[in-house]
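Report on the structure
Chain by chain, the residues run as shown.
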Amino acid sequence: MIEIDADGVVRFTQALVRVPSTNDPARGRSERPAAELVEAKMREWGWDPVVYEAAPGRPNVVAVVEGGGGPGPTLMFEGHTDVVTEGDPSAWSVDPFGGEIRDGRLWGRGSADMKSGLAAILYATRALQLAGPFPGRVKVCALADEEGLMLGAHHFVSAGLTAGVDGAIVAEPEAGEICAVAKGALRLRVELTGTMAHGAMPQHGRNPVAAAGSLLVALRELQGELQARHPAHEHLGEVYVTPTVLRAGSEEQVNVIPATASVFVDVRTIPGVEHKELADRVAALASRDGIDAEVSVLVDRPPVDVPVTDPVVAALAAAHLAVTGEEPVYGGVPGSTDGTVLTHWGGIPSVVYGPGGKWIAHQADEFVEVAEIVRCTRVFAEAARRFLTRDF
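Described in the following lines is the structure provided in the data block. The model shown is predicted, which means the values in this text are computed figures rather than measured ones. (Residues numbered from 1 in each chain as written. Predicted model: local features only at pLDDT ≥ 70, side-chain atom pairs only at ≥ 80, totals over all residues. Heavy atoms only, no water.)

What about helix α4 (residues 151–158)?
Counted only if it meets this: Think of it in three bands: residues with accessible area under 20% of the maximum for their type are buried, residues over 50% are exposed, and the middle band is partly exposed, with areas taken using a 1.4 Å probe on protein chains only. Per the convention used, a helix needs a DSSP run of H or I reaching at least four residues, while a strand needs a run of E reaching at least two, with both numbered from the N terminus. As used here, the arc is the angular range of directions from the helix axis to the C-beta atoms. Contacts are assigned to residue pairs with any non-hydrogen atoms lying within 4.5 Å of each other.
Considered for burial, the residues of α4 that qualify are G152, A153, F156 and V157. Angular distribution of buried residues about the axis of α4 spans 135°; they occupy a single face of the element. For α4, the elements touching its buried residues are β1 (50–55), β2 (58–66), β3 (74–80), β6 (137–143) and α8 (338–344). Looking at the residues trailing α4, positive phi occurs at G160, about 80°.

A look at the packing of helix α7 (residues 311–324) against helix α9 (residues 370–389)
Under the convention used in this document: Axes here mean lines fitted to C-alpha atoms, for a helix over just the part in contact, with angles spanning 0 to 180 degrees between N-to-C directions. Angles are sorted into four bins: roughly parallel if under 35 degrees, roughly antiparallel if over 145, roughly perpendicular if 65 to 115, and oblique for all others. Working rule for handedness: look at the near helix, and if it is turned counterclockwise from the far one by less than a right angle, call the crossing left-handed; if clockwise, right-handed. Note on residue categories: nonpolar means Ala, Val, Leu, Ile, Met, Phe, Trp, Tyr, Cys or Pro, charged means Asp, Glu, Lys or Arg, and polar means any other residue, Gly included.
Close contact between α7 and α9 brings their axes to 8 Å; oriented N to C, the two are set at 130°. Compared by their axis directions, α7 and α9 come out oblique. For α7 against α9, the interelement crossing comes out right-handed. Counted together, P311, V312, A315, L316, A318, A319, H320, A322, V323 and T324 of α7 and R375, R378, V379, E382, A383, R386 and F387 of α9 form the full contact between these two elements. Classifying every residue of the contact of α7 with α9 by side-chain character gives 11 nonpolar, 2 polar and 4 charged.

Quick notes on the sheet that holds strand β18 (residues 367–369)
Adjacent strands of a sheet form backbone hydrogen bonds with each other and so pair up, either parallel or antiparallel. Using the following cut-off: The pairing criterion is simple: DSSP has to find at least two bridges between the two strands.
The 3 strands lie next to each other as β4-β5-β18, forming an open sheet whose pairing is antiparallel. Because the sheet does not close on itself, it has two edges, and the strands there are β4 (101–102) and β18. Set on the sheet, helix α1 (residues 6–17) makes contact with β4 and β5 (105–107); between it and β5 the angle comes to about 20°. The sheet contacts of helix α3 (residues 111–130) involve β5 and β18, and relative to β18 the element is tilted by about 45°.

Considering the packing of aromatic side chains
So the rule is basically this: Each Phe, Tyr or Trp ring (for Trp, its six-membered ring) is paired with any other whose centre lies within 6.5 Å, and the angle between the two planes then decides the class: stacked below 30 degrees, edge-to-face above 60, tilted in between. Cation placement over rings: the criterion is NZ of Lys or CZ of Arg within 6 Å of the ring centroid and within 35° of the ring normal.
In total, this model carries 6 aromatic pairs according to the counting rule given. Pairing W107 with F367 gives two aromatic rings, centres 5.2 Å apart and planes at 45°, and the pair type is tilted. A residue pair is termed long-range when its members are at least 10 positions apart, and W107 in strand β5 and F367 in strand β18 qualify at 260 residues. Relative to F380, the ring of Y353 lies with its centre 5.9 Å away and its plane at 75°, an arrangement referred to as edge-to-face. In this pair, Y353 sits in the loop between β17 (350–352) and β18 while F380 sits in helix α9, placing the two residues 27 residues apart along the sequence. Here the aromatic residues F12, W45, W47 and Y123 are joined through ring pairs into a cluster of three or more. Taking NZ or CZ as reference, R102 lies 5.2 Å from the ring centre of W107, over its face. Residue placement shows R390 over the ring face of F387; its charged tip is 4.7 Å from the ring centre.

Thoughts on the side chain of K115
Examined against the element boundaries, K115 turns out to sit in helix α3. Those residues in contact with K115 that lie beyond four places of it in its chain are T13, L16, V17, V19, S21, T81, V83 and G110.

Some words on the pairing of strand β7 (residues 167–170)
Where burial is concerned, the two faces of β7 agree: the one with G167 and I169 and the one with A168 and V170 are both buried. Bridge analysis of β3 against β7 gives 4 bridges, and the strand direction is parallel. Counterpart to L75 in the pairing with β7 is G167. Pairing between β7 and β17: 3 bridges, direction parallel. Paired with V170 across the two strands is V352, which belongs to β17.

Some points on the nonpolar core
Rules: We call a set of buried residues a nonpolar core when its members are Ala, Val, Leu, Ile, Met, Phe, Trp, Tyr or Cys and they connect through side-chain atoms within 4.5 Å of each other.
Grouped together as the largest cluster of nonpolar side chains are 77 residues, with contacts concentrated most on V38, L122, I169 and F380. Leaving out residues up to four positions away in the same chain, F380 has contacts with F77, G117, A120, I121, A124, I169, A171, Y353 and G354. Grouped together as the second largest cluster of nonpolar side chains are 27 residues, L186, A211, L222 and V265 included.

Quick look at the pattern of salt bridges
Stated formally: A pairing counts as a salt bridge when a side-chain nitrogen of Lys or Arg comes within 4 Å of a carboxyl oxygen of Asp or Glu.
Applying the stated criterion to the full structure yields 26 salt bridges. The salt bridge partner of E174 is K358, with a shortest N-O separation of 3.5 Å. One end of the pair, E174, is in the loop between β7 and β8 (177–182); the other, K358, is in the loop between β17 and β18, with 184 residues separating them in the sequence. A relative accessible area of 3% places E174 in the buried class.

Focus: empty space enclosed by the protein
For the record, the criterion: Points on a 1 Å grid, built from protein atoms alone, make a cavity when a 1.4 Å probe fits but cannot get out and make a pocket when they are open with protein on both sides within 12 Å along at least 5 of 7 lines; residues with an atom within 4 Å of a point are the lining residues. Grid points are joined across faces, edges and corners, and a volume is the space filled by probe spheres set on the points.
Enumeration according to the criterion identifies 1 cavity of 30 Å³ or more in this entry. Around the largest cavity, the lining residues are C179, A180, V181, A182, V304, T337, G339, T340, S350, V351 and V352. At the level of secondary structure, the elements contributing two or more residues to the lining of the largest cavity comprise β8, α8 and β17. With 4 residues, β8 is the largest single contributor of residues to the lining of the largest cavity. Tallied by class, the residues present in the lining of the largest cavity amount to 7 nonpolar, 4 polar and no charged.

Next comes the structure, spelled out in structure tokens:
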């Protein structure tokens, strides 16, 4: 088994957690300090990272580690440097950015999602390098903005950096599950346009608020129809069509029928659900009662469905068994990750696996088990060796 620097990966996780890398320009925060920490560690090891600006002040850091063992595949390890806001600090029992270790756990915002995973892929790659020559190469990527619009992953794809990559391991927290499937996300904005009128004379107007109500009922029926047509996925569950935002009128003028109303819809899909067809269906449901409707697609992230027989999944499963002595448990990602972008727009088979609980992300008192950081680092190192040597 490849030897790893267990103390080092834990200390580096602490250092990353102590950087409040939220995307919050008003408070002078961004991913840059965390990205600089990653870059410095890479250079300390003699790597030659390249920094790309995914957006102003929001860098991607990418290093390619050649194995020196001749031709072979390219494995990508991916993590993100941004974290969500800590929220109300009084809701925490620890310093959100303290990186404190207590009771065998490392506490703080981003400890699970996903600075421990980011540290683990770095230290796993370094351990593989020190263990001796290996065929092919490892591309280690710390990307920006996963918690937002995934600008980092989209920039990575559009810059052509997926070329030649044969598989990607995304180190998001999955509580030991190997997740080769992930739910899709389709977010829609529906603009309803009617005719403004006095509330006392509604016959002179066309009310988009009433049309919004009809649309909400129709969306509930659409969800039922989709769930009947697409039975629940064993790892991802049901399709959900969820209205999340309504905007119309003004409370200062409750006697006025507004000209416009907006409905925002968050759709979560499973393999087999076509996003364009679904968006067109929502547009058809909204265009009735004399109301003009325009549907805009805000986010389109199709579901991921990588076969468990794919080399990157098989190598990870074999490594998990070798390191832990336990048969791998397969699961699904309830949301989307950078792996969604890498697979659908970059053409790279991806699998998600990493330290931390699946449901602890974004909560107060976020934590990761220290032992899990070390264990996942070992699994990543072994997975890389097996993927590159085709030993699975």
